[in-house]
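One-letter residues, chain by chain:
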Amino acid sequence: MILERYLAFAWHLENRTPNSIWFIIGEQTGALMVGIRYGTVSITGNFRDNNEDNYFIDSLNKCFLVADGMGGQSAGEKASQLAIELIPKKLNQLLDFENSKTDQVITSIDQAVSHANAEIMALGELDPSCRSMGTTIVFVVQAGEKFYIGGVGDSRVYLLRNNTLHQLTTDHSLTQALVDAGTITPEEALTHRYKNVLYRYLGTKDGSAGTQARQLDPLAQDRILLCSDGVTDGIPDEKLQELLRQFDDPQQTAEEIVKTAQEGGSKDNITCIVLFID
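Residues numbered from 1 in each chain as written. Predicted model: local features only at pLDDT ≥ 70, side-chain atom pairs only at ≥ 80, totals over all residues. Heavy atoms only, no water.

Concerning the overall build of the protein chain
Worth spelling out the cut-off: Going along the chain from the N terminus, every DSSP run of H or I of four or more residues is numbered as a helix, and every run of E of two or more is numbered as a strand. Only protein chains enter the calculation, and the probe is 1.4 Å; a residue is then buried if its accessible area is under 20% of its type maximum, exposed if over 50%, and partly exposed in between. Throughout, a residue-residue contact means that at least one pair of heavy atoms, one from each residue, lies within 4.5 Å. Every accessible area reported is derived by Shrake-Rupley at a probe size of 1.4 Å, with residue values counting cover from the shown protein chains alone.
Helix and strand content of the protein chain: eight helices and twelve strands. By residue count, 50% of the 278 residues in the protein chain fall in the buried class. Nonlocal contacts in the protein chain, meaning residues at least 24 apart in sequence, comprise 66% of its contacts between residues at least 6 apart. Carbon and sulfur atoms form 49% of the exposed surface of the protein chain, whose accessible area is close to 13400 Å².

This is how it looks when you write it as structure tokens:
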């Protein structure tokens, strides 16, 4: 059995596509070999002069990030770029991706994000052109046999499992706080005047208050979406669910999601990473 697994693994390494990675799921799921394929798209959109979104995928597919900068001119772009550069670098210093336990992974993620937050704040104080800049961040980190998912701000991570869409992150926006308090309904939040106002993001002290990272056991046929709010500004969840299950290629899926968001009237930069678990 061990030889069969090794030969299968070697075959997949030889024949995998450029945007894929294979790993072994442990004994609790029958030691199944699972593949990750991904697609990415990031565009400026119809209403912005520059793209303040950024995304990152490391060479081993251990870390997937989407960041949505804010602050006007090029400041937002600098903030999101800092986030996607500093977080993976710090994670590599703090984290043993193969052997760390759940609490160690979550602590390392929070520390990496807090480090990026501090650097963004420091640059904002030193450089007048970067004052008040900030960025959201969402992530999927693969450590051992688990995925860890979370973020700060109103970028999102979704999971499509068994044809049902689940939002895995919580928006740190005033409208979400009002929904949680029962003051407004989720439907009212879609058009509320404060829907784009954040109370937590990187670039503020509250940006270091934790990422609410959650653990996910990946299953074959799972599909995961990381996106900036440019996607959700132009596509309702029902349409996202349809698009995520419609295509067999993650790059095509990412392209269709961004195209649909743009045609749906999104007024922001539009960025997504789509992961297919095979």
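A look at the pattern of salt bridges
What counts is decided by this rule: A side-chain nitrogen of Lys or Arg and a carboxyl oxygen of Asp or Glu constitute a salt bridge if their distance falls within 4 Å.
This structure, assessed with the given rule, holds nine salt bridges. For the salt bridge of arginine 161 with aspartate 222, the shortest nitrogen-to-oxygen distance reads 2.6 Å. Of the two residues, arginine 161 is situated in strand S8 (residues 156-161) and aspartate 222 in the loop between strand S10 (214-216) and strand S11 (223-227); the sequence distance between them amounts to 61 residues. Aspartate 222 matches arginine 161 in its accessibility class, with the two residues each being buried.

Details of the nonpolar core
Nonpolar side chains in soluble globular proteins tend to be buried together. For clarity, the threshold we go by: We call a set of buried Ala, Val, Leu, Ile, Met, Phe, Trp, Tyr and Cys residues a nonpolar core when their side-chain atoms join them within 4.5 Å.
Counting 29 residues, the largest nonpolar core has Ile87, Leu91, Ile109, Ile137 and Val141 as its most contacted members. For this core, the secondary-structure elements that each account for two or more residues are strand S4 (63-70), helix H2 (75-94), helix H3 (102-126), strand S6 (137-143) and strand S7 (146-152). Examining the composition of this core, we find that eight residues originate from one element, H2, more than from any other. Dropping the residues within four chain positions of it, isoleucine 109 is found in contact with Leu91, Phe139, Val141, Tyr148 and Thr211. Grouped together as the second largest cluster of nonpolar side chains are 20 residues, Leu244, Phe247, Ala254 and Val258 included.

Digging into helix H8 (residues 250-263)
How we decide: Expected span, for any helix, means 1.5 Å times one less than how many residues it has. What the arc describes is the spread of directions from the helix axis to the C-beta atoms.
Between its first and last C-alpha, H8 extends 20 Å over 14 residues, near the 20 Å set by a 1.5 Å rise per residue. Residues of H8 that are buried include every one of Pro250, Thr253, Ala254, Ile257, Val258, Thr260 and Ala261, and no others. Considered in projection along H8, the buried side chains sweep an arc of 165 degrees and stay on one side of the axis. Two residues or fewer past H8, glycine 265 is found with a positive phi of approximately 95 degrees.

Looking at the packing of aromatic side chains
The following threshold applies: Each pair of aromatic rings taken from Phe, Tyr and Trp, with Trp reduced to its six-membered ring, is defined by centres within 6.5 Å and is described as stacked if the planes are under 30 degrees apart, edge-to-face if over 60, and tilted in the remaining cases. Charge-over-ring contacts are defined here by two conditions on Lys NZ or Arg CZ: a distance within 6 Å of the ring centre and an angle within 35 degrees of the ring normal.
Enumeration over the complete set of coordinates arrives at one aromatic pair. Aromatic pair tyrosine 38 and phenylalanine 64: ring centres 6.2 Å apart, planes at 70 degrees, arrangement edge-to-face. Residue tyrosine 38 is found in strand S2 (residues 33-43), and its partner phenylalanine 64 is found in strand S4; the two are separated by 26 residues along the sequence. For arginine 223, the ring lying beneath its charged end belongs to phenylalanine 276, and the centroid distance is 3.8 Å.

A short note on the confidence of the model for the protein chain
Rules: Here pLDDT means the predictor's own confidence in every residue, given as a number from 0 to 100.
Per-residue confidence for the protein chain averages 88 on the pLDDT scale, and 87% of its residues sit at or above 70. Every residue in residues 1-18 scores below 50 in pLDDT, and together they form eleven contacts with partners more than four places removed in sequence or on other chains. Throughout residues 20-33 the model reports pLDDT below 50, and contacts reaching past four residues in sequence, or to other chains, amount to 43 contacts.

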